[in-house]
Amino acid sequence: MTHRVHVVGGVYRERCRLPNPSDEIWGSGGRAAAVIAGLGLSVTLHSAVDAQTENVLASLAHTFHYDVVTASVSETRQFQYEHGLSTPTIWPPSNPSEVVNLEINADNVLVFGMLEATTNIFAQRVIYDPQNPVAPKPIKFESGLAPRLAYVLNSSEARKLARVDDSIEAASNIASQFKAEVVVIKRGRLGALVHENGRYNRIPAYKTESVWPIGSGDVFAAVFAARWAGQDVPAVEAASEASKAAALYVNNRVLPISSDQIKAESEFPFSPLVVTDKTLEGTEYHVYLAGPFFNIAQRWLVEEARSALQSMGLKVFSPLHDIGLGSAHDVAPQDLEGLKRSRTVLALVDGLDAGTIFEIGYARSLGKPVVALAESTAEEPLKMVSGSGCDVVSDFVTAMCRAAWAAQA
C-alpha cells in the first residue's frame, strides 16, 4: 500500500558557475516533490514563493505530476554557487519579519528546514532534514504530539545537533534526546549510517563517473521518505535505495528517477565505494596538493581545492601553506618529503607547470595514485600523465571526490 507524502520545503533559484553555468528553479522542496512523484506516489508540496516563482512552480508541478500549496513571500531566495562544493551566497538575506508559517495536517510529511518559513506539523510519520550546516535545530511539535519520527541529516549537522564529535554517538544522542525512531546520517564517501532501535547499519555510497552534489541530499531524503513513510519499507532498505538514487542523480543530474533504476541490483551501473576509515599515522597526509601558485588565479584554485578537501575531513599537504616560498634547495626537499608522506596526489595541471609535472612523475614512481585536474588543457600534452595511470578529470568537484576516494581506498 502506498500513502500520499506531503513535502514541506523551500523552492529556490539555484545558480552555479562551474563546470558549466546553470540557472534552475529547484530547492529542497521542489526537488524532493519531483523525486517522490517520479517513484509513483501522490505528493503535495507546501512552500513559500513569490509571484514569479509561483508560475514556474506550477509548470514544474504539472510536468512532474504533484500538487502544490503555497504561501506568498516578497522575493524567492537565490543560491549562488561558484561550484558544487562551494558555500553558496544567498540573496536576499534572512528577514525575520517576512517569515511565514506553514501548517500541515497530514499522515506522512517530509520536512526540510527553511529560511523563509516556520512550520506547525500534525502528522503520523515525519521525516526531518534540518538543512542547516551552521546551526541545525531540532524539529518541534505541539505538546502531546508524538509522531513516528526519522531524522535524515549529514554528519556535520548530526555532530553539531548532538554536540559530539563521533557520528555513531551523535545518532544515538539524537534518537534519545529528540525521540526519533530512526536516525539516518549521510557521511559522503563513507555512505550512510542508519540507527534504529539501538542498532546500527551501514549503507554504502557508490563510485560514480562524475559528481554533481547540489541537491543530492534532497534526493536521498525524498527516496527515504517515499519508501519509509509512503510505502512502509523498513528503514535500512529505504536508506539503501536512497543511496542508490543519490548516486544516479549526482552522476546524471536527471529527474525523475524510476523505481526500476533503483531496484535493479544486477543492472545498477555503479559499484559500492570501498573506503577505509584508517587513521593517519602521525606524519601522514591524505592528499598532497600539487599545483602552481605564482599569480592570483593559481592561488585561488589552490585555496579552493584545499578548502574542498578539508571540508571532506581530509588532511592536506599544500606546499603553498605548509612550506611557502624559498630557494630551490630549501623548498624542494621539504615538498618531496611531504609527497612521500601523502597517500594520494591531487595535481592542478592547467598551465603545465614544470614543478607540478615533476611531482606527478615522482608520485607515480612511488606507486601513489594521482588525480589530475585539467579543465582547459588539451589531451595531447597530457599523454605521459594519463598514460602513466593518472586519473585525468576535467571537472573540479569530481576531481576533489576522486582524490578523496583514492586517499581512503
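As shown above, the structure is provided for reference.
Each residue is numbered by its place in its chain's sequence as written, counting from 1. Residue-level local features of this predicted model are given only where pLDDT is at least 70; pairs of side-chain atoms are given and counted only at 80 or more, and the full residue set underlies all totals for whole chains, interfaces and linings. Values shown for side chains rest on all heavy atoms present in the structure; no hydrogens or waters enter the calculation.

(A) Structural view of the pairing of strand S2 (residues 13-16). Partly exposed residues are those whose accessible area sits between 20% and 50% of the maximum for their type, while under 20% is buried and over 50% is exposed, using a 1.4 Å probe and protein chains only. Each helix is a run of H or I in the DSSP string that is no shorter than four residues. Each strand is a run of E no shorter than two, and both are numbered from the N terminus. The alternating pattern of S2 places Glu14 and Cys16 on a buried face and Arg13 and Arg15 on a face that is not buried. Note on pairing: DSSP must find at least two bridges between two strands before they are called paired. Relative to strand S3 (residues 22-25), S2 runs antiparallel, the two sharing 4 bridges. Bridge assignment links Arg13 to a residue of S3, and that residue is Ile25. Between the end of S2 and the start of S3, which pair antiparallel, lie 5 residues. Across 4 bridges, the pairing between S2 and strand S6 (residues 78-81) is parallel.

(B) Representation of the sheet that holds strand S5 (residues 67-72) within the structure. Strand order across the open sheet formed by 9 strands is S5-S4-S1-S9-S11-S12-S13-S14-S15, with mixed pairing between neighbours. If you trace the sheet from one side to the other, it starts and ends with S5 and strand S15 (199-203), each paired once. Taking each pair of neighbouring strands and ignoring which way they run, the sheet shows an average axis angle of 15 degrees. Here 4 bridges tie strand S1 (residues 5-8) to strand S4 (residues 43-49), and the two strands are oriented parallel to one another. Directly across from His6, in S4, lies its bridge partner Thr44. Axis definition: a line fitted to C-alpha atoms, limited for helices to the stretch in contact. Angles are taken between N-to-C directions and run from 0 to 180 degrees.

(C) Up close: the nonpolar core. Ranked by size, the top nonpolar core spans 95 residues in total, and within it Tyr66, Tyr151 and Phe224 carry the most contacts. Should any heavy atoms of two residues lie within 4.5 Å, those residues are counted as being in contact. For Phe224, the contacting residues outside a window of four places in its chain are Ile127, Ala150, Val152, Val182, Val184, Ala229, Ala235, Ala238, Ala239 and Ala242. Nonpolar cores are built from buried Ala, Val, Leu, Ile, Met, Phe, Trp, Tyr and Cys residues. Side-chain atoms within 4.5 Å join them into one set.

(D) Spatial organisation of the packing of aromatic side chains. Aromatic contacts are taken between Phe, Tyr and Trp rings whose centres are within 6.5 Å, Trp giving its six-membered ring; a plane angle under 30 degrees counts as stacked, one over 60 as edge-to-face, and the others as tilted. In this structure the tally under the stated criterion is 11 aromatic pairs. Ring centres 5.8 Å apart and planes at 85 degrees place the aromatic pair Phe268 and Phe270 in the edge-to-face group. Classification of Phe268 as buried rests on a relative accessible area of 10%. Between the aromatic rings of Tyr285 and Phe317, the centroid separation amounts to 5.2 Å while the plane-to-plane angle is 80 degrees, which identifies the pairing as edge-to-face. In this pair, Tyr285 is assigned in strand S18 (residues 285-290) and Phe317 in strand S19 (residues 316-317), connecting sequence segments 32 residues apart. The exposure class assigned to Phe317 is buried, which follows from its relative accessible area of 3%. One aromatic cluster is present, formed by Tyr128, Tyr151 and Phe178 through successive ring pairs. By the criterion adopted, a ring carries a charge over it if an Arg CZ or a Lys NZ lies within 6 Å of its centre and within 35 degrees of its normal. Stacked on the ring of Phe268, the Lys or Arg Lys244 has its end atom at 5.5 Å from the ring centre. Seen from the ring of Tyr285, Lys315 lies directly overhead, with NZ or CZ sitting 4.6 Å from the centre.

(E) Seen up close, unusual backbone geometry. In this model, Leu18 is joined to Pro19 through a cis peptide bond whose omega is 5 degrees. The residue Pro19 is located in the loop between S2 and S3 in this model. Along the chain, Trp91 connects to Pro92 via a cis peptide bond; the corresponding omega equals -5 degrees. Inspection of the secondary structure assignment puts Pro92 in the loop between strand S7 (89-91) and strand S8 (100-105). Unlike most non-glycine residues, His65 shows phi in positive territory, near 65 degrees. By the secondary structure assignment, His65 is in the loop between helix H2 (51-64) and S5. One non-glycine residue with positive phi stands out, namely Arg253, at about 60 degrees. Mapped onto the secondary structure, Arg253 falls in the loop between helix H6 (235-252) and helix H7 (259-263).

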